[in-house]
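What the coordinates show
Residue-level listing of the chains:
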Amino acid sequence: MAGVIAAPEWYASVSGLKIHPALLKVVEETVCPGTGFSPSYFWACLARLTAELRPELEACLVRRDELQAKIDGFYERCRASGGDPAAPEMRQQCKAFLREIGYLEEDRGPVSVATQFVDVEIASVPAPQLVVPSDNARYVLNAVNARWCSLFDALYGFDVIPSTSVQLGAGGVGFVLQGSDATGPAPPSTGGYNPLRGEAVIEFANGLLDEIAPLAFGKWSQVTRLWPKFVGQRQQLELQLQSGDTTSLRIPSLFVGSVGSLGPPNATSSVAAAPAKLPALPDTGRIFLKHNGLHMVLEIDRDDPIGRAALSGIKDITVEAALTAILDMEDSVSAVDAEDKARIYSNICGVMRGTLEAPFVKDGKSFVRRPNQDIWFRDEKGDAKSLPGRSVALVRNVGHHMFTDMVVTADGRMVPEGFVDCLVTTAAALQDLRSTGSIVNSRVGSVYIVKPKMHGPREVALTSSIFGRTEEFFGLRRNTIKMGIMDEERRTSANLRECIRAASERVFFINTGFLDRTGDEIHTCMLAGPVVRKADMKKEAWIKAYEDANVDVGLHSGFQGKAQIGKGMWAKPDSMKAMLEAKIAEPMAGASTAWVPSPAAAALHSLHYHRVDVPTRQMQLAMRPPAKVEKLLEPPLLQATLDAKAIDEELRESAQSILGYVVRWVDLGVGCSKVPDLQNVGLMEDRATLRISSQLLANWLHHGLITEEQIRETFLEMAKVVDQQNIRDRAYRPMASNPDDNIAFQAALKLVLAGKRTPNGYTEYTLHDARRRAKNAFSSRL
């Protein structure tokens with residue numbers, strides 16, 4: 001919890017607060033203009049919010065520590081008496097103890113969510129969700145523009161299309177079109193477009209269309225031309241096959257519109273008079289299909305090299321992919337001071353108001369990335385219609401445990417950072433709510449804030465109070481600010497229905513954050529015994545109960561058609577073939593959304609929502625018996641002694657992962673990194689994955705599986721590996737040459753050695769301190 005500090009003399013004094021000039025400037029110049037509220041009013045609101053709700057927030061944090069101390073005592077007594085905390089006979093005893101201390105709260109029966117004014121992208125249409133660090137403007141724009149993605153680019157550029165040996169004269173990357181057993185990623189291109197690889201992409205696309213938009217007869221690979229045709233008062237899609245026959249869609253309603261110069265074959269053309277591979281006249285345009293609520297746009301252009309190669313003239317399929325995007329202020333950013341937060345706040349305002357721009361250079365040419373405009377077309381009746389060009393932006397604020405010295409109260413206490421986040425996020429959205437911005441984010445007038453790391457219903461109720469007061473400050477309709485509940489802490493999982501009850505008129509989202517949830521599982525059970533290896537966590541009883549319970553509670557609380565049920569991140573951004581094979585399990589498990597790390601991943605994951613009718617699947621799952629809380633509370637402890645080799649492998653892998661992430665966080669300010677593992681496979685790492693690795697090693701250290709000496713030796717060995725992996729990065733500062741004085745190296749060690757004592761196993765405290773010291777050290781060298 002935050003202590004008393006002395007604000008520097010150069011802080012500005014407003015409304016009884018001491019404010020860092022960088023934050024003061026961004027509020028005055030970016031946040032408040034166009035809202036109708038003055039900066040002085042903004043600061044007065046923050047002062048009132050802090051005075052009213054900080055005591056409750058601090059009480060919640062004290063309660064966390066009290067409960068953890070009681071759980072530690074329970075496990076210590078159990079082990080001292082010779083008991084096994086993981087034994088089946090302990091389940092009821094553990095449940096009774098947790099209910100006795102108030103960890104498990106009284107179940108007050110069914111709850112029904114009553115959230116209103118939720119955009120259809122959240123309430124009704126299952127689709128991928130992209131999560132992006134909000135401190136990088138270009139990445140943010142990539143994310144909000146990832147509502148529409150090129151399927152052909154995603155297939156061509158990744159390992160979904162298998163690659164084997166290079167075909168001479170093919171250009172770029174060669175491969176065998178069919179019958180290949182290759183499963184590896186596509187090798188780097190040797191330059192230019194590879195027509196053989198392009199043919200494989202076209203083949204994949206034709207097969208996909210046969211699956212989700214089958215023809216009345218014939219196959220998409222036989223189509224030579226397609227065009228809209230009026231039949232009565234409505235258009236339907238007509239298609240000509242290689243044989244010269246005309247066909248249509250088996251389900252005509254999948255066609256929803258078109259744009260461009262698309263017409264039937266000319267009257268003089270015939271299969272006999274012209275080559276079957278091409279019709280007589282070229283055509284250009286777009287055909288809009290809609291399946292399971294998601295659009296697919298067939299891009300037709302026979303002048304394009306890919307369009308010429310396709311018999312149908314389809315040069316690409318633009319898929320509607322990430323309907324929502326989370327702009328993250330939390331785990332995927334390194335924001336430790338007012339300057340960092342000012343940049344984030346500017347980006348959030350720019351997205352909500354449509355003014356964000358990101359200049360960049362590609363192939364020696366300068367470009368400016370901006371938010372996409374809406375897409376216009378003629379529907380099946382011939383009327384002009386538009387589709388949103390961008391994802392609906394959600395904003396993840398920081399958790400309740402974070403305090404910031406960029407604002408200090410009169411009594412010298414730091415302000416809860418989440419209070420500032422909430423006020424800024426809402427102010428940024430005011431122009432959107434009034435339709436005075438250049439674009440629209442929420443078409444129903446809502447603000448979506450995802451709140452992480454809440455522990456139980458009381459903390460959810462606190463968040464609702466913060467949102468409610470913010471609405472009053474800005475004169476908004478009650479429950480305008482919607483709440484996304486990250487189900488990533490054990491006490492929230494165990495009381496999820498009561499958490500939903502505490503926000504039943506605001507909740508728009510529950511999500512299983514497996515990574516953070518595993519970190520909290522390890523920390524909560526720290527004294528119960530040594531936990532299983534990371535790779536074995538998903539085999540444990542608690543994780544299945546956790547994933548199932550999240551869906552069960554959401555469905556039984558009436559989420560269908562009102563709110564999202566989400567699943568977690570795909571952590572291997574280069575392994576798209578594996579993602580395409582594995583991530584279909586999430587909509588099959590009842591999730592209406594799941595996280596992806598990139599626009600290409602969003603494009604490919606969107607195919608799963610065409611292949612799975614999620615609402616129907618949810619109705620099926622709603623009939624099963626709900627998951628039992630006893631399984632959820634079963635600690636993931638080792639049931640057999642690990643040999644020295646297995647322990648060393650886990651220690652080395654975890655140490656390398658921790659160091660690879662921490663050094664970039666501390667020295668370079670990169671909050672989300674693709675960190676190569678010991679096999680040089682790039683894995684997405686953020687503070688959630690760091691929490692798992694550091695807590696696991698802290699647990700093994702406490703229970704004697706490893707020693708502090710082993711940890712220090714292994715970390716020094718892995719520092720050399722990480723240094724070598726980053727040798728081409730000019731901004732990188734090696735750790736192994738002087739580990740005793742290297743801030744990043746020492747921070748990585750501290751995360752493990754002090755992991756048992758760190759509240760909830762959170763890594764933020766250590767990382768923030770190290771990053772600030774690294775920034776100061778860098779500044780002093782200038």
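Preceding block: the structure.
The paragraphs below set out a description of the structure included in this document. (Residues numbered from 1 in each chain as written. Predicted model: local features only at pLDDT ≥ 70, side-chain atom pairs only at ≥ 80, totals over all residues. Heavy atoms only, no water.)

1. Observations regarding the overall build of the protein chain
From N to C terminus, the protein chain includes 25 helices and 26 strands. Relative to the globule expectation of 28 Å for 782 residues, the C-alpha radius of gyration of the protein chain, 28 Å, shows essentially globular dimensions. Once the C-alpha set of the protein chain is aligned to its principal axes, its extents read approximately 90 × 65 × 60 Å. For the protein chain, long-range pairs separated by at least 24 residues make up 74% of all intrachain contacts whose partners lie at least 6 apart in sequence. For the protein chain, the computed accessible surface area is about 30700 Å², with 52% contributed by carbon and sulfur atoms. In the protein chain, 89 side chains carry a positive charge and 93 a negative one; their mean positions are 3 Å apart. (Helix = DSSP H or I, 4+ residues; strand = E, 2+ residues; numbered from the N terminus. Rg over C-alpha atoms; globule rule 2.2 N^0.38 Å. Contact = heavy atoms within 4.5 Å. Areas by Shrake-Rupley, 256 points an atom, 1.4 Å probe, with all protein chains shown as cover. Lys, Arg positive; Asp, Glu negative; His and termini not counted. Charge placed at Lys NZ, Arg CZ, Asp CG, Glu CD.)

2. Some details on the nonpolar core
Ranked by internal contacts, the top residues of the largest apolar core, which has 136 residues, are Leu 23, Trp 43, Trp 220 and Ile 317. The greatest single-element share of this core, amounting to 10 residues, is contributed by helix H2 (residues 39-80). If we ignore the near neighbours within four places in the chain, the residues touching Ile 317 are Cys 149, Ser 150, Leu 151, Phe 152, Ala 205, Leu 209, Met 296, Val 297 and Leu 298. Grouped together as the second largest cluster of nonpolar side chains are 69 residues, Cys 78, Val 531, Val 666 and Val 675 included. (Core = buried A, V, L, I, M, F, W, Y, C linked by side-chain atoms within 4.5 Å. Buried < 20%, exposed > 50% of the residue type's maximum accessible area, 1.4 Å probe, protein only.)

3. Thoughts on the sheet that holds strand E6 (residues 234-241)
Within a beta sheet, neighbouring strands are joined by backbone hydrogen bonds and run either parallel or antiparallel to one another. Read across the sheet, 3 strands follow the order E5-E6-E7 without closing on themselves; strand pairing throughout is antiparallel. For this open sheet the edge positions go to strand E5 (223-231) and strand E7 (246-248), each flanked by a neighbour on one side alone. Neighbour to neighbour, the strand axes of the sheet diverge by 35° on average, direction disregarded. In terms of strand pairing, E6 meets E7 through 3 bridges, oriented antiparallel. In the strand pairing of E7, Leu 239 is matched with Thr 247. (Pairing = 2+ DSSP bridges. Axes fitted to C-alpha atoms, helices over the stretch in contact; angles between N-to-C directions.)

4. Section: the sheet that holds strand E9 (residues 284-291)
The strand order across the open sheet built from 7 strands is E4-E11-E10-E9-E8-E15-E16, with neighbouring strands paired in antiparallel fashion. Either end of the sheet is taken by a strand with one partner, and the two such strands are strand E4 (148-150) and strand E16 (384-387). Adjacent strand axes in the sheet meet at a mean angle of 30° when their direction is disregarded. Relative to strand E11 (residues 314-320), E4 runs antiparallel, the two sharing 3 bridges. Bridge pairing in E11 places Ser 150 opposite Thr 318. In the packing of helix H18 (residues 599-611) onto the sheet, the strands contacted are E4, E9, strand E10 (294-301) and E11, and the crossing angle to E10 comes to about 115°.

5. Let's talk about unusual backbone geometry
The backbone phi angle of Phe 117 is positive, close to 60°, even though this residue is not glycine. Looking at the element boundaries, Phe 117 is found in the loop between helix H3 (90-100) and helix H4 (120-123). With relative accessibility at 42%, the residue Phe 117 sits in the partly exposed group. At Asn 479, a residue that is not glycine, the phi angle is positive and equals roughly 70°. Structurally, the position occupied by Asn 479 is in the loop between helix H11 (457-474) and strand E21 (481-487). The buried category is assigned to Asn 479, whose relative accessible area is 12%.

6. Digging into empty space enclosed by the protein
The tally for this structure, following the rule as stated, stands at 9 cavities of 30 Å³ or more. Computed from the structure, the second largest cavity encloses a volume of approximately 90 Å³. The wall of the second largest cavity is formed by Arg 64, Leu 67, Gln 68, Ile 71, Tyr 103, His 455, Arg 490, Arg 491, Asp 520, Thr 524 and Asn 760. Of all elements in the fold, only H2, helix H12 (490-494) and helix H14 (514-524) reach the threshold of two or more residues within the lining of the second largest cavity. With 4 residues, H2 is the single largest residue contributor to the lining of the second largest cavity. Looking at the lining of the second largest cavity, its residues break down into 3 nonpolar, 4 polar and 4 charged. (1 Å grid on protein atoms, 1.4 Å probe; cavity = no way out; pocket = protein on both sides within 12 Å on 5 of 7 lines; lining within 4 Å. Points joined across faces, edges and corners; volume = space filled by probe spheres on them. Nonpolar A, V, L, I, M, F, W, Y, C, P; charged D, E, K, R; others polar.)

7. Here's the deal with the packing of aromatic side chains
All chains considered together, the criterion is met by 11 aromatic pairs. Between Trp 542 and Tyr 546, the ring centres sit 6.0 Å apart and the planes meet at 35°, which makes this aromatic pair tilted. Of this pair, Trp 542 and Tyr 546 both sit in helix H15 (residues 541-556), 4 residues apart, which is roughly one turn of the helix. The pair formed by Trp 542 and Tyr 546 is uniform in burial state, with each residue classed as buried. (Phe/Tyr/Trp six-rings, centres within 6.5 Å; stacked < 30°, edge-to-face > 60°.)

8. Here we look at the pairing of E10
Across the 8 residues of E10, 8 count as buried, placing the element largely inside the fold. Of the two faces of E10, the one holding Leu 294, Met 296, Leu 298 and Ile 300 and the one holding His 295, Val 297, Glu 299 and Asp 301 are both buried throughout. Pairing between E9 and E10: 8 bridges, direction antiparallel. What sits directly across from Phe 288, in E10, is Val 297. Counted between consecutive antiparallel strands, the loop separating E9 from E10 contains 2 residues, among which Asn 292 sits at a positive phi close to 55°. One ladder, built from 5 bridges, connects E10 with E11; its direction is antiparallel.

9. Brief notes about the packing of helix H10 (residues 417-433) against H11
For the pair H10 and H11, the least separation of the axes is 10 Å and the interaxial angle reads 45°. Classed by the angle they form, the pair H10 and H11 counts as oblique. The element H10 and its partner H11 pack so that their crossing is right-handed. Two secondary-structure elements touch here, H10 through Phe 419, Cys 422, Leu 423, Thr 426, Ala 427 and Leu 430 and H11 through Ile 466, Phe 467, Thr 470, Phe 473 and Phe 474. Grouping the amino acids of the contact of H10 with H11 by side-chain chemistry returns 9 nonpolar, 2 polar and no charged. (Parallel < 35°, antiparallel > 145°, perpendicular 65-115°, else oblique. Left-handed = near helix turned anticlockwise from the far one by under 90°.)

From the geometry alone we can't say anything about function, so treat these as descriptive.
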